[in-house]
Amino acid sequence: MKYKGVIETYRKYLPVTEKTPVITFYEGNTPLIHSKYLSELTKCEVYLKYEGANPTGSFKDRGMTLAISKAKEKGSKAVICASTGNTSASAAAYACRADMDCIVIIPKGKIALGKLSQAIMHGAKVFEVDGNFDQALELVREMGEKYPVEIVNSINPFRIEGQKTGAFEVYDQLGAVPDYFCLPVGNAGNITAYWKGFKEYFDNKKISKLPKMTGFQAAGSAPIVLGHPVNNPETIATAIRIGNPASWKTAEAARDQSGGSITSVTDDEIIEAYKLVAGKVGVFCEPASAASVAGLLKRRKEGKIPDQQLVVCVLTGHGLKDPDTAIKTGQKPKSILCNTAAVARELGY
Ligand code: F0G
């Protein structure tokens, strides 16, 4: 088999040795999709990095392959995470493959259905709490201190190491460094990881410039934009419903060192972009992922991004993760009689 996942592909950039058992579902190598529609709309060259095409349907698999492999190497028997959904889905699948227990703490009622079904089906011990992601993560930190469980949230540095391969891949596929690199920001691990990846390629002389890291938070959950934690974060994009990001400082460093920005988009802007990407580009991503495109459109409108720029937007998770939002915000099927005349009439033939 030629493609062996992100650890084998980028082994020399990763903290693994020949002793590390590689736990992989051959994640990574996701499509980088040029969008003519978005390019014309924005007068830029726009590519979508479709991380929803990873084995569990989100970018988390890049970090999880490394976090779980390193936990296995260390001899851990159990891993634990707090999650808005995708981390738990990925942790559950990789822990299952590694024959380890997986404990998941989620905010009750705020996890998209697809993600919850994944954690359940992969046999994780799933606990929902009356609290938000930030409180769940606090609980997980304490569990990690007191009990023999390995934390696989992005406060585990191996998660960031694995996720930085996304940056390598973007350059390897595109053959160029984007001027603007747009992505949603929640717990802020991913923007931290991408920036680390780009800097490592730069330091290794693989690339000679760096992108402007352009992050977007949901307006109701925008602590980095506001400059203070948000106690009761809210947004339809539940994946990024986070009020006190663990990687806050490194996200600010990525923003400042790259000459980029972290700004907010409203839920309406997110849903508009979500529909646009699905309906006009043909790529189905989850609402949080659409924040990257919503943000690009907003910053173009505000004149903050000039014409003719090379832009990559990361679509962090698959649209099927959150069927409820699709059904709620999308068009409704029309009931008709089961005959050709009825269909033809509807179509105006
Ligand atoms: N997009 C999706 C689809 C996510 O699931 C997340 C985070 C983000 C963006 C933001 O990435 O946290 O690195 O800034 N999801 C985490 C989870 C919090 O538990 O699945 P970030």
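Keep in mind the model is a prediction, meaning the values are calculated, not measured. (Residues numbered from 1 in each chain as written. Predicted model: local features only at pLDDT ≥ 70, side-chain atom pairs only at ≥ 80, totals over all residues. Heavy atoms only, no water.)

For the pairing of strand β8 (residues 212–218), give the residues involved together with the corresponding values.
Of all seven residues in β8, six are buried; the element is thus mostly enclosed. Two strands pair when backbone bridges link them, and strand β7 (residues 180–184) and β8 are joined in this way by five bridges, in the parallel orientation. Following the sheet pairing, C182 is matched in β8 by T214. By the bridge criterion, five bridges tie β8 to strand β9 (residues 261–265) in an arrangement that is parallel. (Buried < 20%, exposed > 50% of the residue type's maximum accessible area, 1.4 Å probe, protein only. Helix = DSSP H or I, 4+ residues; strand = E, 2+ residues; numbered from the N terminus. Pairing = 2+ DSSP bridges.)

Go over the sheet that holds strand β3 (residues 78–82), please, and point to the residues and values.
Pairing within the open sheet is parallel, and its four strands lie in the order β5-β4-β3-β6. Strands at the two margins of the open sheet, each flanked by one partner only, are β5 (125–129) and β6 (150–151).

Account for the packing of helix α8 (residues 165–174) against helix α9 (residues 189–203), naming residues and giving values.
Following both chains from N to C, one finds α8 and α9 inclined at 55°, their axes separated by 6 Å at the closest point. Viewed along their axes, α8 and α9 adopt a mutual orientation that is oblique. The handedness of the crossing between α8 and α9 comes out as right-handed. Judged by residue contacts, G166, A167, F168, V170, Y171 and D172 of α8 engage Y194, G197, F198, E200 and Y201 from α9. Here the contact of α8 with α9 is built from residues that sort into seven nonpolar, two polar and two charged. (Axes fitted to C-alpha atoms, helices over the stretch in contact; angles between N-to-C directions. Parallel < 35°, antiparallel > 145°, perpendicular 65-115°, else oblique. Left-handed = near helix turned anticlockwise from the far one by under 90°. Contact = heavy atoms within 4.5 Å. Nonpolar A, V, L, I, M, F, W, Y, C, P; charged D, E, K, R; others polar.)

With reference to specific residues and values, describe the site of the ligand.
Taken together, the neighbourhood of the ligand is formed by 19 residues, with S83, N187, A188, N190 and T316 sitting nearest. In the model, an oxygen atom of the ligand is placed 2.7 Å from a nitrogen or oxygen of the S83 side chain. Burial of the ligand by the protein amounts to 99% of the accessible area it has alone, namely 470 Å². Sorting the residues of the shell around the ligand by element identifies α4 (86–97) and α9 as the ones contributing at least two each. Its residues assigned to classes, the shell around the ligand shows seven nonpolar, ten polar and two charged. (Near = heavy atom within 4 Å. Polar contact = N/O pair within 3.5 Å; in protein donor to acceptor, adjacent residues only side chain to side chain. Areas by Shrake-Rupley, 256 points an atom, 1.4 Å probe, with all protein chains shown as cover.)

Give a description of α9 that names residues and reports values.
Helix length check: α9, at 15 residues, gives a terminal C-alpha distance of 21 Å against a target of 21 Å (1.5 Å per residue), a fit within 8%. The element α9 is extensively covered by neighbouring structure, given that eleven of its 15 residues are classed as buried. K205 lies just past α9 and shows a positive phi near 60°. (Expected span 1.5 Å × (residues − 1).)

Please give an account of the sheet that holds β9 that cites residues and values.
Taken together, six strands build an open sheet; the order of strands is β1-β2-β10-β7-β8-β9 and the sheet is mixed. The outermost strands of the open sheet, each flanked by one partner alone, are β1 (32–34) and β9. Here the average twist between neighbouring strands, direction ignored, is 25°. Sheet topology places β1 next to strand β2 (residues 45–50); three bridges connect them, and they run antiparallel. Each bridged residue has a counterpart across the sheet, and for I33 the counterpart in β2 is L48. Across the face of the sheet, α8 comes into contact with β1, β2, β7 and β10 (310–315) while running at roughly 130° to β2.

Can you break down helix α3 (residues 60–74) residue by residue, with the values?
Two residues of an α-helix separated by three or four positions point the same way, owing to the 3.6 residues in each turn. When the terminal C-alpha atoms of α3 are compared, their 21 Å separation across 15 residues agrees well with the 21 Å that a helix rising 1.5 Å per residue should span. Judged by how many residues are buried, α3 sits mostly within the fold: twelve of 15 residues are covered. Within α3 the residues assigned to the buried category are K60, D61, R62, G63, M64, T65, L66, A67, I68, S69, K70 and A71. Count one or two residues on from α3 and you reach G75, which has phi positive near 95°.

So, to be careful, I would describe these as geometric facts and stop short of saying anything about function.
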